[in-house]
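Survey of secondary and tertiary structure
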Amino acid sequence: MQLIGMLDSPYVRRVAVSLRLLGIAFEHRPVSVFRHFDTFAAINPLVKAPTLVADDGTVLMDSTLILDHLPALTGTPLPRALMPTDSAACRQALRVLGLALAACEKTVQTVYEHQLRPPEKLHAPWLDRVQGQLAAAYAALEAELARTPLAADAAHITQAGITTAVAWGFTQMMLPGVVPATAHPHLAAHAEAAERLAAFAEYPANG
């Protein structure tokens, strides 16, 4: 099994960390959608990260779809579930995941707007809207963690905890100072604890 994509993508990193936490063997190939476009296109013509090449050669994409179907990909039961089975806990995890993934999306949109669009083509109203959505996502996440803390140890961390920590680290790396840690102490503490885990350390965002 091969995971294709750079770890500075939160979507690639959440898959890598999850696979490592579950003890699923895979090869990480750090192929960039920008610098190695032709190489990536030879694997997946859509050039979408993450791309996962299953053991039978099937090429899959989209981090959520990959993570949701790990038992089918491995052909064996997982050592533990990364999503709660209790309905109320599952709904809470889905809410947190939705907020964390929205934060990732709005961070990516902000970065692309600044890095890929010529300065004279920047559209301030669009940027204001995106950054407002980014701030709202993290404000809601902070409120959720204040009310219901997420586990950050290897034995109990869930997909909500993994993705929240990955999202926070991604935004802090790509947009330093835009979402201040001082205004989000629960988020910052959770991410700091998660980043100390071996799975996070082995697949760092700047790796």
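This text goes with the structure placed above it.
First, a word on what this report is: a plain description of the structure on this page. Not measured: the values here are computed from a predicted model. (Residues numbered from 1 in each chain as written. Predicted model: local features only at pLDDT ≥ 70, side-chain atom pairs only at ≥ 80, totals over all residues. Heavy atoms only, no water.)

The next subject is the packing of helix α6 (residues 124-147) against helix α8 (residues 185-195). Geometrically, a packed helix pair is captured by the angle between its two axes and the distance between the axes. Relative orientation of the contacting elements α6 and α8 amounts to 75°, with a least axis distance of 8 Å. When the interaxial angle is binned, α6 and α8 end up roughly perpendicular. Of the residues in α8, those touching α6 at Tyr138, Leu141, Glu142, Leu145 and Ala146 are Pro185, His186, Leu187 and His190. (Axes fitted to C-alpha atoms, helices over the stretch in contact; angles between N-to-C directions. Helix = DSSP H or I, 4+ residues; strand = E, 2+ residues; numbered from the N terminus. Parallel < 35°, antiparallel > 145°, perpendicular 65-115°, else oblique. Contact = heavy atoms within 4.5 Å.)

The next subject is the sheet that holds strand β1 (residues 2-4). One open sheet holds the four strands; their spatial order is β2-β1-β3-β4, and the pairing between them is mixed. Bordering the open sheet on either side are β2 (27-29) and β4 (59-61), each of which pairs with just one other strand. Ignoring which end each strand starts from, the neighbouring axes of this sheet average 25° apart. With three bridges joining them, strand β3 (residues 51-53) and β4 adopt antiparallel strand pairing. Counterpart to Thr51 in the pairing with β4 is Met61. In this fold helix α1 (residues 10-21) packs onto β1, β2 and β3, with an angle of close to 155° to the strand it touches most, β1. (Pairing = 2+ DSSP bridges.)

By secondary structure assignment, the location of His184 is in the loop between α7 (159-174) and α8. For His184, the residues in contact, after removing those within four places along its chain, are Tyr138, Ala139, Glu142, Trp168 and Val179.

Before going further, it helps to spend a moment on the side chain of Arg13. For Arg13, the location among the structural elements is in helix α1. Non-local contacts of Arg13, meaning those with residues more than four positions away in its chain, are made with Leu7, Val166, Glu195, Phe200, Tyr203, Pro204 and Ala205.

What follows covers the layout of surface pockets. In this structure, the largest pocket encloses a volume near 670 Å³. Considering the residues around the largest pocket, the lining is formed by 29 residues, among which Ser9, Val33, Phe34, Val108 and Tyr112 are closest to the centre. Of all the secondary structure elements, the ones that give two or more residues to the lining of the largest pocket are α1, α3 (63-68), α5 (87-116) and α7. Sorting elements by how many residues they give to the lining of the largest pocket places α5 first, with six residues. Of the residues in the lining of the largest pocket, the class split is 18 nonpolar, six polar and five charged. (1 Å grid on protein atoms, 1.4 Å probe; cavity = no way out; pocket = protein on both sides within 12 Å on 5 of 7 lines; lining within 4 Å. Points joined across faces, edges and corners; volume = space filled by probe spheres on them. Nonpolar A, V, L, I, M, F, W, Y, C, P; charged D, E, K, R; others polar.)

Another point: a nonpolar patch on the surface. On the surface, Phe34, Tyr112 and Leu116 cluster together to form a nonpolar patch covering roughly 330 Å² of accessible area. Position of Tyr112 among the secondary structure elements: in helix α5. Residue classification places Tyr112 among the partly exposed residues on the basis of a relative accessible area of 39%. (Patch = residues over 30% accessible without salt bridge, like charges linked within 9 Å, V, L, I, M, F, W, Y side chains within 5 Å. Areas by Shrake-Rupley, 256 points an atom, 1.4 Å probe, with all protein chains shown as cover. Salt bridge = Lys/Arg side-chain N within 4 Å of Asp/Glu carboxyl O. Buried < 20%, exposed > 50% of the residue type's maximum accessible area, 1.4 Å probe, protein only.)

Let us look at the packing of aromatic side chains. In total, this model carries three aromatic pairs according to the counting rule given. Relative to Trp168, the ring of Tyr138 has its centre 5.4 Å away and its plane inclined at 85°; by these criteria the two rings are edge-to-face. You can see Tyr138 sitting in helix α6 and its partner Trp168 sitting in helix α7, a full 30 residues away along the chain. An identical accessibility class is assigned to Tyr138 and Trp168; each is buried. (Phe/Tyr/Trp six-rings, centres within 6.5 Å; stacked < 30°, edge-to-face > 60°.)

With that out of the way, let us pick up the nonpolar core. In terms of nonpolar packing, the biggest core is built from 49 residues, with Leu70, Tyr138 and Phe200 touching the most fellow members. For this core, the secondary-structure elements that each account for two or more residues are α1, α3, α4 (70-74), α5, α6, α7, α8 and α9 (198-202). Per-element accounting of this core gives the leading share, eight residues, to α5. With sequence-adjacent residues up to four places away left out, Leu70 is seen in contact with Leu19, Leu22, Ile24 and Leu78. (Core = buried A, V, L, I, M, F, W, Y, C linked by side-chain atoms within 4.5 Å.)

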